[in-house]
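Notes for the structure review
Listed below, chain by chain, are the residues.
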Amino acid sequence: MNKLAVLAFALLIFCSTMLWYLADGSLNDYLKSQVVLQGQYYSGGEASISQAKFANNTGTLTLENLTLSNIKNIAQNDVMVIDQVIVQLAPVKATSVPQRSHNDISKNIQHITVEKVTINKLRFNLTEGLTQQLTEDLAENFPQKSTHNKLNNLIRLQQRISQKLAADYPALYPDIAAKNYAKQHPELNAALVNNEPKNTKQKAATEINQAVIESKSAKHKKRLLGKATTRITILAFTVKSLEIKHIAKDGSNQVKHFSNIELPVIGQEYGLASNQIGGEILRLLLQTANQLQ
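As the structure is a prediction and not an experimental result, all values here were calculated from the model. (Residues numbered from 1 in each chain as written. Predicted model: local features only at pLDDT ≥ 70, side-chain atom pairs only at ≥ 80, totals over all residues. Heavy atoms only, no water.)

1. Focus on the overall build of the chain
Secondary structure assignment for the chain yields eight helices and ten strands. Here the chain, with 293 residues, has 41% of them falling under the buried criterion. Counting only contacts in the chain whose residues sit at least 6 apart along the sequence, the fraction spanning at least 24 positions is 65%. Of the roughly 16100 Å² of accessible surface on the chain, 52% is carried by carbon and sulfur atoms. (Helix = DSSP H or I, 4+ residues; strand = E, 2+ residues; numbered from the N terminus. Buried < 20%, exposed > 50% of the residue type's maximum accessible area, 1.4 Å probe, protein only. Contact = heavy atoms within 4.5 Å. Areas by Shrake-Rupley, 256 points an atom, 1.4 Å probe, with all protein chains shown as cover.)

Set out below in structure tokens:
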């Protein structure tokens, strides 16, 4: 093989591994647009970022000054502010393009591994005053709150993002998807024997709904993972500094500080779709903040 062929092959490897970055126009502008689009899609608010810069010699992506607006009609200040995010890609290996496993499910998947994501400083602005019923999955996580109690904006935003993820990727959020399916198909409960005890009925209804959603999820997962698409795994995720600023109605505020927060591996088994990764990161960050505060 001549030198030109070797160079062409190396370029092919690099380009295919970086497929999820490619777009018409500037690479950095594309990265900025993806952050904004995913932030707005999952949160329902406005997202912004001042700069995105990818250094292909080090495989490092730097994001500067990310903000996410608060829930509509709640407060003027942003719900989330991040000063800097560093994303370190794993070294490119020729054997990873395209990645093929021993099963047919993931043979066409382009799998990108991120060694580590580091957020330098993250601030959440917590605002009380939302009267909203908790969905069942969040009610289980926050049993101390009445289902019609006043919720803060962080819990409400976590709820919204979780529901959005479960609607788009039901196979990967089976608990939430099963409950949503049960609400959409009450006729399944009607199939139960009427003279059974109430607790037995409820248990049977749950089992039926769960079985149906798991069956549908399995089929959906095969279709999802069988597509020629880009998937991402993040091996480590650290928030060096986390602030939760509780803003009271009278204008006073209290700030809680936390440091070196570690999130679990994201997309461990098959990786997450590139369009899903932003929502999952937001969900995990909000979940962590809600548990801490």
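2. Some remarks on the packing of helix H2 (residues 27-43) against helix H4 (residues 153-168)
Closest axis-to-axis distance for the H2/H4 pair is 8 Å, and the angle between their directions is 100 degrees. Between H2 and H4, the interaxial angle falls into the category roughly perpendicular. Residues Tyr41, Tyr42 and Ser43 of H2 lie in contact with H4, whose contacting residues are Leu157, Arg160, Ile161, Lys164, Leu165 and Asp168. Among the residues making up the contact of H2 with H4, the classes are represented as five nonpolar, one polar and three charged. (Axes fitted to C-alpha atoms, helices over the stretch in contact; angles between N-to-C directions. Parallel < 35°, antiparallel > 145°, perpendicular 65-115°, else oblique. Nonpolar A, V, L, I, M, F, W, Y, C, P; charged D, E, K, R; others polar.)

3. Quick word on the confidence of the model for the chain
Across the chain, the average pLDDT comes to 74, with 61% of residues at 70 or higher. Of all the helices and strands in the chain, helix H3 (residues 136-141) carries the lowest mean pLDDT, 46, while strand E3 (residues 80-89) carries the highest, 95. For the stretch residues 94-106, pLDDT sits under 50, and the model shows 19 contacts to residues farther than four places along the chain or on other chains. Note that residues 131-149 has pLDDT below 50 and, in this model, 40 contacts with residues that lie over four places away or in other chains. (pLDDT = per-residue confidence, 0-100.)

4. Some details on the nonpolar core
As a rule of thumb, soluble globular proteins bury nonpolar side chains together. Residues Leu122, Phe124, Ile234, Phe237 and Leu285 are the most contacted members of the largest nonpolar core, which totals 49 residues. When neighbours within four sequence positions are excluded, Phe124 is seen to be in contact with Val79, Met80, Leu154, Leu242, Glu243, Ile244, Lys245, Leu285, Leu286 and Ala289. (Core = buried A, V, L, I, M, F, W, Y, C linked by side-chain atoms within 4.5 Å.)

5. Brief notes about H2
Look at H2: 24 Å from first C-alpha to last across 17 residues, which is about the 24 Å you get at 1.5 Å a residue. Among the residues making up H2, those that are buried are Leu31, Gln38, Gly39, Tyr42 and Ser43. Seen end-on, H2 carries its buried residues on one side only, within an arc spanning 105 degrees. Here the buried face of H2 lies against strand E1 (47-55), strand E2 (60-68), H4 and helix H8 (277-292). Looking one or two residues beyond H2, the residue adopting positive phi is Gly44, at roughly 80 degrees. (Expected span 1.5 Å × (residues − 1). Arc of directions from axis to C-beta.)

6. Notes on the side chain of His111
Here His111 shows up in strand E4 (residues 110-127). Within the structure, the side chain of His111 is placed 2.6 Å from the side chain of Thr233, a separation counted as a polar contact. (Polar contact = N/O pair within 3.5 Å; in protein donor to acceptor, adjacent residues only side chain to side chain.)

7. Considerations on the layout of surface pockets
Reported here for the largest pocket is a volume of approximately 660 Å³. Around the largest pocket, the lining comprises 32 residues; the ones closest to its centre are Val35, Leu63, Ile277, Gly278 and Ile281. Elements with a minimum of two residues in the lining of the largest pocket: H2, E1, E2, E3, E4, strand E7 (230-234) and H8. Of the residues contributing to the lining of the largest pocket, the split by class is 24 nonpolar, eight polar and no charged. (1 Å grid on protein atoms, 1.4 Å probe; cavity = no way out; pocket = protein on both sides within 12 Å on 5 of 7 lines; lining within 4 Å. Points joined across faces, edges and corners; volume = space filled by probe spheres on them.)

8. Section: the packing of aromatic side chains
As enumerated under the stated definition, the model contains one aromatic pair in all. Measuring from centroid to centroid gives 4.9 Å for Tyr41 and Tyr42, while their planes differ by 85 degrees, and the two rings are edge-to-face. Judged by relative accessible area, which is 1%, Tyr42 ranks as buried. (Phe/Tyr/Trp six-rings, centres within 6.5 Å; stacked < 30°, edge-to-face > 60°.)

9. Remarks on the environment of Ser259
Within the element layout of this structure, Ser259 appears in strand E9 (residues 253-263). Spatially, the C-alpha atoms of Ser259 and Lys240 are 5.3 Å apart, while their sequence positions differ by 19 residues. Setting aside its immediate chain neighbours within four residues, Ser259 contacts Val239 and Lys240.

10. Side note on the environment of Asn70
Mapped onto the fold, Asn70 is located in the loop between E2 and E3. Overall, the relative accessible area of 7% leaves Asn70 in the buried class. For the pair Asn70 and Asn125, spaced 55 residues apart in sequence, the C-alpha separation works out to 8.5 Å. Within the local environment of Asn70, its side chain forms a polar contact with the backbone oxygen of Asn77, the two atoms lying 3.2 Å apart. Within polar-contact distance, the side chain of Asn70 engages the side chain of Asn153 at 2.9 Å.

11. Describing unusual backbone geometry
Even without a glycine there, the phi angle at Asn65 is positive, about 55 degrees. Along the polypeptide, Asn65 turns up in strand E2. The phi torsion at Asn260 lies on the positive side, around 50 degrees, for a residue other than glycine. Examined against the element boundaries, Asn260 turns out to sit in strand E9.

12. Structural notes on the pairing of strand E8 (residues 237-247)
As paired elements, E4 and E8 share ten bridges and run parallel to each other. Within the sheet, the bridge partner assigned to Leu126 lies in E8 and is His246. When E8 meets E9, the two strands line up antiparallel, connected through ten bridges. Paired with Leu242 across the bridge in E9 is Phe258. Hairpin connection between E8 and E9: a loop of five residues separates the two successive antiparallel strands, and Gly251 in this loop has a positive phi of roughly 95 degrees. (Pairing = 2+ DSSP bridges.)

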